[in-house]
Structure formats: structure tokens, C-alpha cells
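# Structural features, examined
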Amino acid sequence: MVLNKSIRSHLSGLFRGLLPCVAAFALVGCASFKDSHPAAPASAAMGDYSYIIGAGDNLNIQVWRNPELSMSVPVRPDGKISAPLVEELMVQGKNSVEVARDIEKQLGKYVRDPVVTVIVTSFVGPFSEQVRVVGEAAKPQALAYKQKMTLLDVMIAVGGLTDFAAGNDATILRTAEGNKQYTVRLKDLVRRGDVSANVEMRPGDILIIPQSFF
């Protein structure tokens, strides 16, 4: 019985001595995880952005003085469209002006000096330019990128954070910069209204929101 008390006393003292070390290790580990990626820059530093057409978009094609050739067409999953006198045309990855010029070339075989205007009326965009939100968002989804889109715009679109989100541990995976990863402060932005935590998004960004363990 005396030996058992002595052992218990020794173990208790050893445990108390290790507590500061364990706590320090945990703090360093957490700090290393949070500090492993730089903070996202407030500005995305992009030039003039031109919307790129993707599968699922809808195009309104207007052919001047030829209303019978004017129509609204969807972009098929293969990225192509079909229209009168234009059997198949690849439009994915192009902007509306480039598509208009391509249609003019096709129609030029049948119509003298065609003048075509293309207007995008619904927006999905190519997969490579969509902004994706995964993890502890209320409605994780892929969003069509819009010029000057911010982190706050994204969070409004996905309905905010879940109750289990570790918002300030979230990161942006920036595919436009070779999958470089940045930290963002979603909890400060969404739940505390700290607008200094708002940053601009870039086409192809992936917002990753981890789950909190506490």
C-alpha cells in the first residue's frame, strides 16, 4: 500500500511537470498550422477581366437584318452550340466577341457580310474559372466568377458558416498561382463584421473551410 501511494505520488508529480510541455507543444503545433500559409492579399491584382463562356451558359445570338438566324441557344456539356447554318461551333473558353466573329465566318458562306452580336444571358462559366467552396459552409457549391468578387460575396452566396466551422482556419487554394494557399479569417468577417478580413477572389479559387475540433 505504501509502495502504491509512492508510485501514485511520483506519477502525479511527473504528469504535473509534463503539463506545461504538452501545452506548449499544442500551442506551437496550432501556431505552425495557422502560420504555415500567408494571409490572402486584399487585392487580387488582376487586369481587365473578360468573361469566358462555359458549358451551361445561354447565348443570345443576334444577326443584323436576319431575324430568322437570330436565336437563343444553350452551351452544351461538350462546350459547343448549334444554330441555324451553324451546325456545331466550339464556344467554351472564348468570350462573346470571339464567338460572334466565329459565327460571322460560318454565316459568311451563306449570307453576305453578316454582322453578329452575342450576349451571354445566363452564367456558369468554365470549370477552371468557377469559385468552389468546400467544407463547413451552409451550402457548399461552385459559383460563377464575377469581376471584383470578394470573399464576403462568396460567403453570402453559400449561406455563411455552419456551427462547426473553424472559420479563422479557412484557406484559399489559388489555382491561378500554381495552387498556392492563403489563410483567410472567415469567422472575423462573417460573425464579427470585420471588413478588414474581406479579400478579393480570383477565377478558379477554392475556399476550404475546415471543421472545428473544439
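Residues numbered from 1 in each chain as written. Predicted model: local features only at pLDDT ≥ 70, side-chain atom pairs only at ≥ 80, totals over all residues. Heavy atoms only, no water.

### Examining the overall build of the protein chain
Each helix and strand counted, the protein chain has four helices and ten strands in total. Seen in sequence order, the protein chain has helices and strands lined up from the N terminus as α-β-β-β-β-α-β-β-β-α-β-β-α-β. When burial is assessed residue by residue, the protein chain has 38% of its 214 residues classed as buried. Long-range pairs, those at least 24 residues apart, make up 57% of the contacts in the protein chain with a sequence separation of at least 6. Accessible surface, the protein chain as shown: approximately 12,800 Å² in total, 60% of it carbon and sulfur. (Helix = DSSP H or I, 4+ residues; strand = E, 2+ residues; numbered from the N terminus. Buried < 20%, exposed > 50% of the residue type's maximum accessible area, 1.4 Å probe, protein only. Contact = heavy atoms within 4.5 Å. Areas by Shrake-Rupley, 256 points an atom, 1.4 Å probe, with all protein chains shown as cover.)

### Observations regarding the sheet that holds strand β5 (residues 116-122)
With antiparallel pairing, three strands are arranged side by side in an open sheet as β2-β1-β5. Strands at the two margins of the open sheet, each flanked by one partner only, are β2 (71-74) and β5. Between one strand axis and the next, the sheet turns by 25 degrees as a mean value, whatever way the strands run. Relative to β5, strand β1 (residues 58-63) runs antiparallel, the two being bridged by six bridges. Considered in β5, the bridge of I61 is made with V118. Its contacts with the sheet place helix α2 (residues 96-107) against β1 and β5, and it is angled at close to 135 degrees to β5. (Pairing = 2+ DSSP bridges. Axes fitted to C-alpha atoms, helices over the stretch in contact; angles between N-to-C directions.)

### Some remarks on the pattern of salt bridges
Note on pairing: side chains with opposite charge can pair once their charged atoms come close. The full count for this structure, using the stated rule, is twelve salt bridges. Here the salt bridges share partners, and the residues they tie into one network are R76, D78, K80 and E88. (Salt bridge = Lys/Arg side-chain N within 4 Å of Asp/Glu carboxyl O.)

### Some points on the sheet that holds strand β10 (residues 206-209)
Strand-to-strand pairing in sheets goes through backbone hydrogen bonds, with the strands running parallel or antiparallel. The sheet built from five strands is open, its strands ordered β7-β6-β10-β8-β9 with mixed pairing. Sheet topology places β7 (142-143) and β9 (180-183) at the edges, where each strand pairs with a single neighbour.

### Structural notes on the packing of aromatic side chains
On inspection of all chains with the given rule, the structure shows two aromatic pairs. Judged by centre distance (4.9 Å) and plane angle (80 degrees), the rings of Y49 and Y145 are edge-to-face. Of this pair, Y49 sits in the loop between α1 (2-34) and β1 while Y145 sits in the loop between β7 and α3 (151-157), and the two are 96 residues apart along the sequence. For the pair Y49 and Y145, a shared accessibility class is recorded, and that class is buried. Taken together, a centroid distance of 5.1 Å and an interplanar angle of 85 degrees make the contact between Y51 and F123 edge-to-face. Note that Y51 is positioned in the loop between α1 and β1 and F123 in the loop between β5 and β6 (131-135), a separation of 72 residues in sequence. (Phe/Tyr/Trp six-rings, centres within 6.5 Å; stacked < 30°, edge-to-face > 60°.)

### Side note on α2
End to end, α2 covers 16 Å across twelve residues, agreeing with the expected 16 Å (1.5 Å per residue, within 8%). Looking only at α2, the buried set comprises V99, A100, D102, I103, E104 and L107. Among the structural elements, β1, β3 (80-83), β4 (86-90) and β5 are those in contact with the buried residues of α2. Sitting at the amino-terminal end of α2 is N95, which places a side-chain oxygen 3.1 Å from the backbone nitrogen of V97. (Expected span 1.5 Å × (residues − 1). Polar contact = N/O pair within 3.5 Å; in protein donor to acceptor, adjacent residues only side chain to side chain.)

### Structural notes on the nonpolar core
The biggest cluster of nonpolar side chains holds 46 residues, and the ones touching the most others in it are L59, I103, L207 and I209. Top element by residues in this core is α2. It accounts for four residues. The residues touching I103, leaving out its near neighbours within four places in the chain, are I61, I81, V86, L89, V116 and V118. (Core = buried A, V, L, I, M, F, W, Y, C linked by side-chain atoms within 4.5 Å.)

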